[in-house]
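Close look at the chain arrangement
The chain contents come next:
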2 protein chains.
Amino acid sequence: MSDATAGDRPPMHVTIALPDWAATFVASASNERLRDDDARMAFVLELARRNVREGTGGPFAAAVFARRDGALIAIGVNRVVPEQCSVAHGEMLAIMTAQHRAATHDLSTVEGGCELVTSTEPCAMCLGAIPWSGVSRIVCGARDVDARAIGFDEGAKPNDWVGSLRDRGIEVVRDVRHEEAVAVLQGYADGGGELYNAGGR
Amino acid sequence: MSDATAGDRPPMHVTIALPDWAATFVASASNERLRDDDARMAFVLELARRNVREGTGGPFAAAVFARRDGALIAIGVNRVVPEQCSVAHGEMLAIMTAQHRAATHDLSTVEGGCELVTSTEPCAMCLGAIPWSGVSRIVCGARDVDARAIGFDEGAKPNDWVGSLRDRGIEVVRDVRHEEAVAVLQGYADGGGELYNAGGR
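The notes below deal with the structure included here. (Residues numbered from 1 in each chain as written. Chains lettered and ligands numbered in written order. Predicted model: local features only at pLDDT ≥ 70, side-chain atom pairs only at ≥ 80, totals over all residues.)

Most of helix α4 (residues 124-133) of chain A sits out of view: 10 of its 10 residues are buried. For α4(A), the set of buried residues is A:Ala124, A:Met125, A:Cys126, A:Leu127, A:Gly128, A:Ala129, A:Ile130, A:Pro131, A:Trp132 and A:Ser133. Those residues of α4(A) that are buried are in contact with α3 (90-102), β4 (114-120), β5 (137-142) and α6 (161-166) of chain A together with α4 (124-133) of chain B. Directly after α4(A), the chain includes A:Gly134, whose backbone phi takes a positive value near 90 degrees. (Buried ≥ 20, exposed ≤ 12 C-beta atoms within 10 Å, placed from the backbone. Helix = DSSP H or I, 4+ residues; strand = E, 2+ residues; numbered from the N terminus. Contact = placed C-beta atoms within 7 Å.)

Written out as structure tokens, the structure reads:
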């Protein structure tokens, strides 16, 4: 049991960090290979696999790219357990670090707009975060049903969640490198990866 | 227009801070006056009003309390615009700072459990975040329809979102100090507060 009120006072800030290996990983990625959905998804899936292999979080990754030229703006990987933060899903970290870099809470103000590429379709929280982020396009690998089939909790999403994004002018692309994306999830589960509690994904 | 890829590299961490006045505000709150839902909501509404008055964010606040004794664990206020982070809703900051203090991604491990008290019912993102957080009870002031009526975007929530939380064993209490909570939102709008873009709330 945690003792949540011993000693210290309510914290006045929170910091969430990506893994130590991430900076080197990103430095080695050239824009050259990230020109289309397939290449960008391959990059994100490699991030997810690396996160599992290094033991630095769950099998989920995401990245934000500039739509104008495909330039990488920011990345995210699942950091829920190591960072002790249930909000630290890959998509959330990619969005927050992209906004930090662009110095705006609204990525629609980036020239040409931004897109979020995610290894698995968003859970209920990340889905809710997408319209607020200002991205105008999302690209997904594994489906939420794939994640559910393996035992991950995706939360209560609106029935037509794809339609709800499209109604807001957000383009949704699904099933990019789908088989490979499902294999990342399955590999994690097969390897004994923690399908942590009700509180995490 | 932001230039999101000039110069620097993808950020490797993100920090979200509460306003400077928050530490003093919290230090003056005794557990004595936070013994029931009404007192805890009064505290949260005062946080929301103070956030507006100080110009440090939108008219939304939240706090996490230990259910065992009503002790304050952490607070959050809307910091979207000043912190350049669309994720920085009051509920999200309260959850993240509470988890940081309790040193766990799962607040259900705090003895007796935790509850989230929020000045307005959660938007789609915060609703999705609640089950992942491990809180076992939420207490709400204004309804989402009140926020929508004033012009705030709450996002696409499942039709029976209250039922979806209750099905997960999360108690939902609504309309605590409801009129006062709506007045906080209305006061913000009447005062010319920014009902910022599609990207924010």
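Glancing now at the interface of chain B and chain A. Facing 67 residues of chain B, the contacting portion of chain A comprises 68 residues. Ranked by residues supplied to the side of chain B that touches chain A, first place goes to helix α3 (residues 90-102) of chain B with nine residues. Of the residues belonging to the side of chain B that touches chain A, the class tally is 39 nonpolar, 21 polar and seven charged. Sheet topology places strand β1 (residues 13-17) of chain A next to strand β1 (residues 13-17) of chain B; five bridges connect them, and they run antiparallel. Following the sheet pairing, A:Ile16 is matched in β1(B) by B:Val14. (Nonpolar A, V, L, I, M, F, W, Y, C, P; charged D, E, K, R; others polar. Pairing = 2+ DSSP bridges.)

Before going further, it helps to spend a moment on the relation of the copies chain B and chain A. For the match of chain B to chain A, the screw axis carries a shift of 0.0 Å, the RMSD comes to 0.0 Å, and the turn is 180 degrees. Here the copies are linked by what is in effect a two-fold axis. Counting the interface residues of chain B, we find that 100% of their copies in chain A are interface residues as well, pointing to one common contact surface. (Least-squares fit on C-alpha atoms with pLDDT ≥ 70 in both.)

All names here are of chain B. Between α3 and α4, the least distance of the axes is 10 Å, while the angle of their chain directions is 15 degrees. Our classification of the angle between α3 and α4 gives roughly parallel. The element α3 and its partner α4 pack so that their crossing is left-handed. Contacts between α3 and α4 pair Glu91, Met92 and Ile95 from the former with Cys126, Ala129 and Ser133 from the latter. Looking at the contact of α3 with α4, its residues break down into four nonpolar, one polar and one charged. (Axes fitted to C-alpha atoms, helices over the stretch in contact; angles between N-to-C directions. Parallel < 35°, antiparallel > 145°, perpendicular 65-115°, else oblique. Left-handed = near helix turned anticlockwise from the far one by under 90°.)

Ranked by internal contacts, the top residues of the largest apolar core, which has 133 residues, are A:Ala63, A:Val64, B:Ala63 and B:Val64. Residues in contact with B:Val64, not counting those within four places in the same chain, are B:Ile73, B:Ala74, B:Ala94, B:Ile95, B:Ala98, B:Leu107, B:Cys114, B:Leu116 and B:Val135. (Core = buried A, V, L, I, M, F, W, Y, C linked by C-beta atoms within 7 Å.)

Residue and element names in this part refer to chain A. Strand order in the open sheet formed by five strands is β3-β2-β4-β5-β6, with mixed pairing between adjacent strands. In this open sheet, the two strands that pair with only one neighbour each are β3 (72-77) and β6 (171-173). Strand-to-strand twist across the sheet, computed as the mean angle between neighbouring axes with direction ignored, equals 15 degrees. Contacts from α3 reach β2 (61-66), β3 and β4, with the element oriented near 145 degrees to β3. Packed onto the sheet, helix α7 (residues 178-190) meets β4 and β5 and runs at close to 65 degrees relative to β5.

Take the sheet that holds strand β4 (residues 114-120) of chain B next. Residue and element names in this part refer to chain B. Read across the sheet, five strands follow the order β3-β2-β4-β5-β6 without closing on themselves; strand pairing throughout is mixed. Looking along the sheet, the strands with just one partner apiece sit at the ends: β3 (72-77) and β6 (171-173). Across this sheet, the average inter-strand angle for adjacent strands is 15 degrees, counted without regard to direction. Pairing of strand β2 (residues 61-66) with β3, which is carried by five bridges, proceeds in the antiparallel orientation.

Right, let's get into α3(B). With 13 residues, α3(B) should cover 18 Å at 1.5 Å per step; its first-to-last C-alpha distance of 18 Å lies within 8% of that length. Counting buried positions along α3(B) yields 13 of 13 residues, so the element is predominantly enclosed. (Expected span 1.5 Å × (residues − 1).)

A pair of packed helices is characterised by two quantities: the angle between their axes and the separation of those axes. Residues and elements named next belong to chain A. One can describe the packing of helix α2 (residues 37-53) onto α7 by two numbers: an axis separation of 10 Å at closest approach and a directional angle of 5 degrees. Considering the angle they form, α2 stands roughly parallel to α7. Residues Leu45, Ala48, Arg49 and Val52 of α2 form the contact with α7, whose participating residues are Glu180, Ala181, Val184 and Tyr188. Partitioned by chemical class, the residues of the contact of α2 with α7 number six nonpolar, no polar and two charged.

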